[in-house]
Amino acid sequence: MKLTSINNQTRDGQLVVVNYEGTRAVAVPHIATTMQQALDNWDNVAPQLNTVYQHLNDDGLNDAFDLNLDDVLAPLPRALQFLDGSAYLAHVERVRRARGAEMPPSFLEDPLMYQAVSDGFLSHKQDIEVVSEEYGIDFEAEAAVITSDVPMHVSAEDAGQYIQLICILNDVSLRNLIPAELAKGFGFVQSKPRTALSPFFVTPDELGDAWQNNKIHLPMRTWLNGEWFGEPNCGVDMQFDFAQLIAHAAKTRPLCAGTIIGSGTIANQDMAKGSTCLAEKRVLEVIADGKPSTPFMSFGDDVKIEVTDKSGQNVFGTIHQKVVKY
């Protein structure tokens, strides 16, 4: 099943069911008016939404319409919670090695995670507005899951059942602001502006056998200014799967329906697969040459991110954003 939200001049948009190809849609106000409303009552509404999805794919709905991607918002325009992990230790290890730091053994057993911005998400094609290029503008191609209500202290073995939807995202980072914030020992604020979500959320079954062990086994493809940047596989070298990340987040508190759990920057040990953020490419340059040669993004630069399955189908739709001066 494939879902999104379209602009109806409200903050949360209108929930629509989208066909497999991402070209046709139908509103479902008799089932749920917003994505959050659907997630709040997922067990009841999901079967109804899936029935609509099947009819839509069979061209059996007279009220279906051609989907204009210009009208598509972030599928969850604002979320009650967004927790972003860092599950790819190849990325963590490289970043630490470039500054001469060892990776603590605990990182193999205890996920990194922080509370990210959730009060608003950028759409798949919304400009990345930044005050200054001196901030060190970077993209981060990630995968994410969206949960129904998760009980406190859920086990990793049980947490997977609460994964209801999947997406990809661009976790925009302002790299030159990060060191000073982390030095305070209190986490990110200014260095992490709003994140962009893919046009579509999909249910795990849409991925077929590419969804195994609570991981997406497909490449995350990224282009910078039209040039190939990287395509590491999301299911390779992921130290903590999404169920483990959910269990980590819920250790001392329940998670409300609509919680988004991010994977962190996709990275493989095989460096031939390229990178999904500029920081990692710069780190590899530091390791090889003693200094970075790739600049961070400038005003006018654009990034494109997508995941295609084995048949070539664009699973989540494309994130394609340009950096502009605020």
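Preceding this paragraph is the structure being described.
Residues numbered from 1 in each chain as written. Predicted model: local features only at pLDDT ≥ 70, side-chain atom pairs only at ≥ 80, totals over all residues. Heavy atoms only, no water.

Caption draft 1: Inspection of the packing of aromatic side chains at higher detail. Applying the stated criterion to the full structure yields four aromatic pairs. Where Phe 82 meets Phe 121, the ring centres are 5.7 Å apart and the plane angle is 55 degrees; that geometry is what we call tilted. Taken as a pair, Phe 82 in strand S5 (residues 82-85) and Phe 121 in the loop between strand S6 (113-115) and strand S7 (128-130) lie far apart in primary sequence, 39 residues in all. For Phe 82, a relative accessible area of 1% corresponds to the buried category. Residue class for Phe 121 comes out buried when judged on its relative accessible area of 8%. Where Phe 139 meets Phe 229, the ring centres are 5.2 Å apart and the plane angle is 75 degrees; that geometry is what we call edge-to-face. Placement of Phe 139 in the loop between strand S8 (137-138) and strand S9 (141-147) and of Phe 229 in strand S17 (residues 227-230) is noted, with a sequence separation of 90 residues between them. Residue class for Phe 139 comes out buried when judged on its relative accessible area of 0%. (Phe/Tyr/Trp six-rings, centres within 6.5 Å; stacked < 30°, edge-to-face > 60°. Helix = DSSP H or I, 4+ residues; strand = E, 2+ residues; numbered from the N terminus. Buried < 20%, exposed > 50% of the residue type's maximum accessible area, 1.4 Å probe, protein only.)

Caption draft 2: Up close: unusual backbone geometry. Although it is not a glycine, Gln 9 sits at a positive phi angle of roughly 70 degrees. As for its position among the elements, Gln 9 is in the loop between strand S1 (2-6) and strand S2 (14-18). In this structure Gln 9 comes out as exposed when scored by relative accessible area, which is 71%. Although it is not a glycine, Asn 214 sits at a positive phi angle of roughly 60 degrees.

Caption draft 3: Region of interest: the sheet that holds strand S19 (residues 302-306). Strand order across the open sheet formed by five strands is S7-S20-S19-S16-S17, with mixed pairing between neighbours. Single-partner strands in this sheet number two, and they are S7 and S17. Across the sheet, the mean angle from the axis of one strand to that of its neighbour is 25 degrees, orientation sign disregarded. Pairing geometry for strand S16 (residues 221-224) and S19, over four bridges, is antiparallel. Following the sheet pairing, Arg 221 is matched in S19 by Glu 306. (Pairing = 2+ DSSP bridges. Axes fitted to C-alpha atoms, helices over the stretch in contact; angles between N-to-C directions.)

Caption draft 4: Structural detail: the nonpolar core. In terms of nonpolar packing, the biggest core is built from 54 residues, with Leu 207, Ile 216, Met 220, Phe 242, Ile 246, Ile 261 and Phe 316 touching the most fellow members. Listing elements by their share of this core, those giving two or more residues are S7, S9, strand S10 (163-170), helix H6 (242-249), S19 and strand S20 (319-325). Tallying contributions element by element places H6 first for this core, with five residues. Filtering out sequence-adjacent residues up to four positions away, Phe 316 remains in contact with Ile 166, Cys 167, Ile 168, Ser 198, Pro 199, Phe 200, Val 202, Leu 207, Ile 216 and Val 307. By size, the runner-up hydrophobic cluster in this structure holds 35 residues, among which are Met 1, Ala 46, Cys 167 and Leu 169. (Core = buried A, V, L, I, M, F, W, Y, C linked by side-chain atoms within 4.5 Å. Contact = heavy atoms within 4.5 Å.)

Caption draft 5: Expanded view of the pairing of S17. Relative to S17, S16 is paired through three bridges, and the arrangement is antiparallel. Residue pairing for S17: Thr 222 is matched across the bridge by Gly 230.

Caption draft 6: Representation of H6 in the model. Among the eight residues that make up H6, six are buried, leaving the element largely enclosed by the rest of the structure. Put simply, Asp 241 is the residue that caps the front of H6, since its side-chain oxygen is 2.9 Å from the backbone nitrogen of Ala 243. (Polar contact = N/O pair within 3.5 Å; in protein donor to acceptor, adjacent residues only side chain to side chain.)

Caption draft 7: Spotlight on the environment of Gln 37. With respect to the helices, strands and loops of the structure, Gln 37 is situated in helix H1 (residues 35-40). For Gln 37, a relative accessible area of 39% translates into the label partly exposed. The spacing of Gln 37 and Ala 247 is 210 residues in sequence and 24 Å in space, taken between C-alpha atoms.

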